[in-house]
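# Descriptive structure summary
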Amino acid sequence: MKLQRKNRLRALSLGALAVSGALALTACGSDDTGSTTGGGGSTSTTKAGDIKCDDAKGQLLGIGSSAQGNAVDAWRQAYAQACKGVQVNYKPDGSGAGVTAFNQGQVAFAGSDSALKPEEVTASKKVCSGGQGIDLPMVGGPIAVAYNLDNVDNLVLDAPTLAKIFDSKITKWDDEAIKKLNPGAKLPSTKIQPYHRAEDSGTTDNFTKYLKATAASDWKYSGGKAWQAKGGQSAQGSSGVAAGIKQTAGAIGYMELSYAKDGVKTVDIATGASAPVKATSENASKAIADAKIVGTGKDLALELNYATKADGAYPITLVTYEIVCDKGNKADTLAATKSFLGYMASDAGQAQLSALGYAPIPTEINAKVRETVASIS
């Protein structure tokens, strides 16, 4: 079914604290209800009374998508103020690491920018006693294509040109294909330095799905979480890609929009619409509204339309899922899992993300997420 954009779609929450195991932070540290996040620079407005702790206690660990990393800290801080008996940690090691950890029974939930594959669902049944892993869409977001090019503040690229750049077929910024898309720009002959993710990444999966859907003749790779094209430079996580681009003249790379900050410039995408489309939360929401549910049962996996030509719809988007057991969750983490995910899908939780650059999930899908969270056992 088509997802209708109703009213102002809300941003969904995700997460927990991005930390390494050696730097795990407790969730009972602050009484400040307006603390500033470390990653995204947003200020929390959730009040402790908006969060239902219920019987939540103990430690809750998640691993996965780094695209949601700047949201993670905001949710951890707000939840910590209300539920002081729970320690929530999140390690942004990438979607592939998250799914692996979940299916090995190491974590209560995983974050992934790609829905579970059939073989991963099968593997999850060994961990979810009497049940299986399911995908709950929690955050939508534009995948920004960021670049570092002096004296070029506005840059337009299309799918075929992007495919050739990331496949090392276009190697100079003054290439004729780029000039044609940017007739007024003073493009230098600087070497293009493309950056991609080093680890298995749902952001890579979604970025290459876009290239496959819109530039099939120029992007011949099968796709997936692992980067397959030759050449370019690799970096760990969205933060690593962003840092590499900032430090490298002529660089270009892909990352979740919230990492494209502090002066990082982003590409406008020519889609065939009436005008090139900027990477914004609102424009990503327009594309996500054209998605459809393809999951069955309690699974809410979505199919995105990467080839959309709707005016103002930014086509390179991702949806981050929280992966949990529908049944068979561990007794010592079940209450905390339901409490934390319930906050993430609540109105108060969703309202936190608009300032972080994340795109809203349609409200009717969010209603299904809440219903499913309440039913997990």
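About the cut-offs
- Residues numbered from 1 in each chain as written.
- Predicted model: local features only at pLDDT ≥ 70, side-chain atom pairs only at ≥ 80, totals over all residues.
- Heavy atoms only, no water.
- Helix = DSSP H or I, 4+ residues; strand = E, 2+ residues; numbered from the N terminus.
- Buried < 20%, exposed > 50% of the residue type's maximum accessible area, 1.4 Å probe, protein only.
- Contact = heavy atoms within 4.5 Å.
- Areas by Shrake-Rupley, 256 points an atom, 1.4 Å probe, with all protein chains shown as cover.
- pLDDT = per-residue confidence, 0-100.
- Expected span 1.5 Å × (residues − 1).
- Salt bridge = Lys/Arg side-chain N within 4 Å of Asp/Glu carboxyl O.
- Axes fitted to C-alpha atoms, helices over the stretch in contact; angles between N-to-C directions.
- Left-handed = near helix turned anticlockwise from the far one by under 90°.
- Nonpolar A, V, L, I, M, F, W, Y, C, P; charged D, E, K, R; others polar.
- Pairing = 2+ DSSP bridges.
- Right-handed = clockwise from strand over helix to strand, strands pointing away.
- Parallel < 35°, antiparallel > 145°, perpendicular 65-115°, else oblique.
- Disulfide = S-S within 2.5 Å.

### What about the overall build of the protein?
Per the secondary structure count, the protein includes 11 helices and 13 strands. For the protein, the residues scored as buried account for 56% of the 377 residues in total. Considering only intrachain contacts with a sequence separation of at least 6, the fraction spanning at least 24 residues in the protein is 79%. Summed over all atoms, the accessible surface of the protein reaches about 14,800 Å², with 48% contributed by carbon and sulfur.

### Things to note about the confidence of the model for the protein
Mean pLDDT over the protein: 86, with 87% of residues reaching 70 or higher. In the model, residues 1-43 has pLDDT below 50 throughout and makes 149 contacts with residues more than four positions away in sequence or in other chains.

### What to know about helix 1 (residues 69-82)
Helix length check: helix 1 (14 residues) gives 21 Å between terminal C-alpha atoms against 20 Å at 1.5 Å per residue, within 8%. A large share of helix 1 lies buried, amounting to 13 of its 14 residues.

### Quick notes on the pattern of salt bridges
On inspection of all chains with the given rule, the structure shows nine salt bridges. The shortest N-O distance in the salt bridge between K265 and D153 comes to 3.7 Å. With K265 in strand 9 (residues 265-266) and D153 in the loop between strand 4 (133-147) and strand 5 (156-158), this residue pair connects regions lying 112 residues apart in the sequence. The class for D153 is exposed, based on a relative accessible area of 55%.

### Some thoughts on the packing of helix 1 against helix 9 (residues 331-344)
Two elements in contact, helix 1 and helix 9, have axes whose closest approach is 11 Å; the angle formed by their N-to-C orientations is 115°. Taken as a pair, helix 1 and helix 9 cross one another with a handedness that is right-handed. Of the residues in helix 9, those touching helix 1 at W75, A78 and Y79 are A336, S339, F340 and Y343. Here the contact of helix 1 with helix 9 is composed, by residue class, of six nonpolar, one polar and no charged.

### Description of unusual backbone geometry
The residue D54 is not glycine, and still its phi comes out positive at about 50°. In this fold, D54 is placed in the segment before strand 1 (58-64). Given the relative accessible area of 64%, D54 is considered exposed.

### A look at the pairing of strand 6 (residues 193-197)
Within a regular beta strand, the side chains point alternately toward one face of the sheet and then the other, so they alternate between its two faces. Most of strand 6 sits out of view: four of its five residues are buried. Two strands pair when backbone bridges link them, and strand 6 and strand 8 (residues 251-256) are joined in this way by three bridges, in the parallel orientation. By the bridge assignment for strand 8, Q193 is matched with A251. Note: strand 6 against strand 7 (residues 233-235), three bridges, orientation parallel. By the bridge assignment for strand 7, Y195 is matched with Q233. Each parallel crossover has a hand, and for strand 6 linked through helix 6 (residues 202-214) to strand 7 it is right-handed.

### Thoughts on the packing of helix 4 (residues 159-166) against helix 6
For the pair helix 4 and helix 6, the least separation of the axes is 9 Å and the interaxial angle reads 125°. As far as their axial angle goes, helix 6 and helix 4 are oblique. The handedness of the crossing between helix 4 and helix 6 is left-handed. The segment helix 4 lies against helix 6, with A159, L162, A163 and F166 engaging F207, Y210, L211 and T214.

### Brief notes about the state of the cysteines
Inspection of the entire model under this criterion finds two disulfides. Linked covalently through their sulfurs, C53 and C83 form a disulfide whose S-S length is 2.0 Å. Judged by the sign of its S-S torsion, about -95°, the bond between C53 and C83 is left-handed. Taken together, the residues span a long stretch of sequence, with C53 in the segment before strand 1 and C83 in the loop between helix 1 and strand 2 (86-91) at a distance of 30 residues.

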